[in-house]
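For reference, the chains in residue letters:
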Amino acid sequence: MWEDRGLCFGVCFTIEPGEVSTSHSSTIYFRQLLFFYREGVCMLDLTAISVVDNHCHPILLEQHMSGPQFRQRWTEAKDGSLAEKHLHNSVYYLWTIRQLAQFYGCENTEDAVLAARDSQSGDELLARLVKAANIDALVLDLGYPPPEISYTAEYTAQAAGCRTVSILRVEILMQQLILQYENFDEVIERLAQHIKRAREDGYRGLKSIAAYRTGLNIAEWSKDEAAAVFAKLRPQAVSEGSLRLAHKPLNDYLLHVVFQAAAEQQLPIQFHTGYGDSDTDMRLGNPLQLRDVLERSDYQSMPVVLLHESYPYSQLGAYLAAIYPHVYFDLSYTIPFIDKLEMLAFTRQALSIAPASKLVYSTDGIYMPEMYWLGAVRGRSVLAQVLQEMIEADELDEQQAYHLARLVLHDTAAELYALLP
Ligand SMILES: [Zn+2]
């Protein structure tokens, strides 16, 4: 976020980097005034608050890509025709290209942005963007993209010049153990052991993708029911050498094994909620489906993070963070792929419903370091605008607004993932 104070009609305003012009043309002034608050009021400046990006993914080792490859990274649609035919008509993508053109100092076209990023190595891009975004730490979900084509957490930290910590995706671990052990009791025992020693193995939390495998309505099945699925499933999985675990009694049963061990360790678990790729049944991604898990008294020591602002169930996710002491609500500003007006809406809802000490910032950035940077630009800008509105509405004073911003952008996640200095 970039702040330009008092240049126009004696008023102040905050605009994003892509909206900055050194020639103060009347068009630019007019546009700025459209965003404008009442005379004499300045926007909060959150640029000095470093962020903990509490949910993001590694970037690809290969950063050079073609136009179609680049475009495909900016949509959840699997069918390439959507990116080809429609992405350039999406508001968030037009904004993205304009921001990147400003950052790279090139023409505002996709080709020019691709050429500009192609002229630098992945390490250079990562270092420049992370520095510009003022990122303290990246909390990396190592479950995707596959490790053989991705930066490691250690290398990311070294190249980016920020801290990184890792999150263990439990469904991948469950699949590996099923392939590895023919005895169901052994799978259960090994799974519990892995979770109990997750911290020793370098993980600061867990992540579950139950939402788009079998749904967040995680039920309690008997061991016999789960074992029957295991016995049926395993021979084929072993003969194929791979497994996509999406069998409800087995998934749910093993998730409860994970929850028990995580609760013992007070280990946070992130749940994908809401918006996702095309194999998501959005009805089962509603965070209210987690009720039975959230109600269990023996799981209260397992902090739960509802990812992706549960979009479009944002009010419901924020509500859960407001009533369950162990539930946190993630505000993600690169993915879901939605425009600023929707981001303002979910940020207003979150701050209006839940304490800021239950809200955590993220980008869900993946594949390219630009996604880490864009979310930081967007997140600070949106949060500043919403907090400013709350000051205007006489809900907060400026000092309180800065305190809440610090909680959302940094402090709450730093505590949750043991990232205190
Ligand atoms: Zn993610």
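The name given to the protein in an unreviewed UniProt entry is Amidohydrolase-related domain-containing protein, with the source organism recorded as Ktedonosporobacter rubrisoli.

Engineer: For this particular structure, what's the right way to read the overall build of the protein?
Structural biologist: The helix and strand tally for the protein stands at 16 helices and ten strands. Looking at the protein as a whole, 42% of its 421 residues qualify as buried. Across the protein, contacts joining residues at least 24 apart in sequence account for 78% of those joining residues at least 6 apart.

Engineer: I'm lost on the sheet that holds strand β7 (residues 269–271) in this one. Help?
Structural biologist: Strands belonging to one sheet form pairs held by backbone hydrogen bonds; the direction of such a pair is parallel or antiparallel. Spatially, β3-β4-β5-β6-β7-β8-β9-β10 is the arrangement adopted by the eight strands of the open sheet, whose pairing is parallel. A strand with exactly one partner marks an edge of an open sheet, and here the two such strands are β3 (51–56) and β10 (359–362). Within the sheet, the average angular offset between the axes of one strand and its neighbour, ignoring direction, is 25°. Sheet topology places strand β4 (residues 135–141) next to strand β5 (residues 163–169); five bridges connect them, and they run parallel. Note on β5: the bridge partner recorded for Ala 137 is Arg 163. Each of β3, β4, β9 (327–332) and β10 is contacted by helix α16 (residues 398–416), which is oriented at about 105° to β10, the strand it contacts most.

Engineer: Before we go on, may I ask you to explain the packing of helix α13 (residues 314–323) against helix α14 (residues 340–353) in this structure?
Structural biologist: In a packed pair of helices, the relevant descriptors are the angle between the two axes and the axis-to-axis distance. Viewed as axis vectors pointing N to C, α13 and α14 meet at an angle of 25°, and their least axial separation amounts to 9 Å. By the angle class used here, α13 and α14 are roughly parallel. Crossing geometry of α13 relative to α14 is assigned as right-handed. Touching Ser 314, Gln 315, Ala 318, Tyr 319 and Ala 322 of α13 are Phe 346, Gln 349, Ala 350 and Ile 353, all from α14.

Engineer: What exactly am I supposed to notice about the pairing of β10 here?
Structural biologist: By the alternation rule, side chains of β10 split into Leu 359 and Tyr 361 and Val 360 and Ser 362, which are all buried. Looking at chain direction, β9 and β10 are connected through four bridges and run parallel. Bridged to Asp 330 within β10 is Val 360. Each parallel crossover has a hand, and for β9 linked through α14 to β10 it is right-handed.

Engineer: What exactly am I supposed to notice about unusual backbone geometry here?
Structural biologist: The phi angle of most residues is negative, glycine excepted, and most peptide bonds adopt the trans form. Omega for the peptide link from Tyr 144 to Pro 145 comes to -5°, which places this bond in the cis form. In this structure, Pro 145 sits in the loop between β4 and α7 (153–160). A cis amide bond links Ile 335 with the next residue in sequence, Pro 336, at an omega value of 10°. Assignment of secondary structure puts Pro 336 in the loop between β9 and α14. Phi angles above zero are rare outside glycine, and His 308 is one such case at about 60°. By secondary structure assignment, the location of His 308 is in the loop between β8 (304–306) and α13. Classification of His 308 as buried rests on a count of 26 C-beta atoms within 10 Å. You will see that Ser 310, though not glycine, has its phi angle at about 50°, which is positive.

Engineer: I'm lost on helix α10 (residues 223–240) in this one. Help?
Structural biologist: In an α-helix, one turn spans 3.6 residues; hence positions three or four apart end up facing the same way. Between its terminal C-alpha atoms α10 stretches 25 Å, which fits the 26 Å expected from 18 residues at 1.5 Å a residue. Within α10, the axis deviates most sharply at Leu 233, by approximately 35°, and proline Pro 235 lies no more than four positions further along. Just downstream of α10 lies Gly 241, where phi reads positive at about 80°.

Engineer: Looking at this structure, I do not really get the pairing of β9. What am I missing?
Structural biologist: The two faces of a sheet get side chains in turn, since along a regular strand they alternate between them. Burial analysis of β9 places six of its six residues in the buried class, which makes it a mostly covered element. The side-chain alternation of β9 yields two buried faces, one formed by Val 327, Phe 329 and Leu 331 and the other by Tyr 328, Asp 330 and Ser 332. With three bridges joining them, β8 and β9 adopt parallel strand pairing. Bridge pairing in β9 links Val 305 to Tyr 328. Taken together, β8, α13 and β9 constitute a β-α-β crossover, and its handedness is right-handed.

Engineer: In this structure, what is going on with α16? I would like to understand it.
Structural biologist: Spanning 19 residues, α16 covers 26 Å between terminal C-alpha atoms, matching the ideal 27 Å at 1.5 Å per step. Along α16, the sharpest change in direction is near 55° and occurs at Leu 407. When we look at burial in α16, the residues that qualify are Ala 401, Leu 404, Ala 405, Leu 407, Val 408, Leu 409, His 410, Thr 412, Ala 413 and Ala 414. Among the structural elements, β3, β4, β9, β10 and α15 (370–392) are those in contact with the buried residues of α16. Ala 418 lies just past α16 and shows a positive phi near 50°.

Cut-off values and rules
- Residues numbered from 1 in each chain as written.
- Predicted model: local features only at pLDDT ≥ 70, side-chain atom pairs only at ≥ 80, totals over all residues.
- Helix = DSSP H or I, 4+ residues; strand = E, 2+ residues; numbered from the N terminus.
- Buried ≥ 20, exposed ≤ 12 C-beta atoms within 10 Å, placed from the backbone.
- Contact = placed C-beta atoms within 7 Å.
- Pairing = 2+ DSSP bridges.
- Axes fitted to C-alpha atoms, helices over the stretch in contact; angles between N-to-C directions.
- Parallel < 35°, antiparallel > 145°, perpendicular 65-115°, else oblique.
- Left-handed = near helix turned anticlockwise from the far one by under 90°.
- Right-handed = clockwise from strand over helix to strand, strands pointing away.
- Expected span 1.5 Å × (residues − 1).
- Bend = angle between axes of the 7 residues up to and from the residue.

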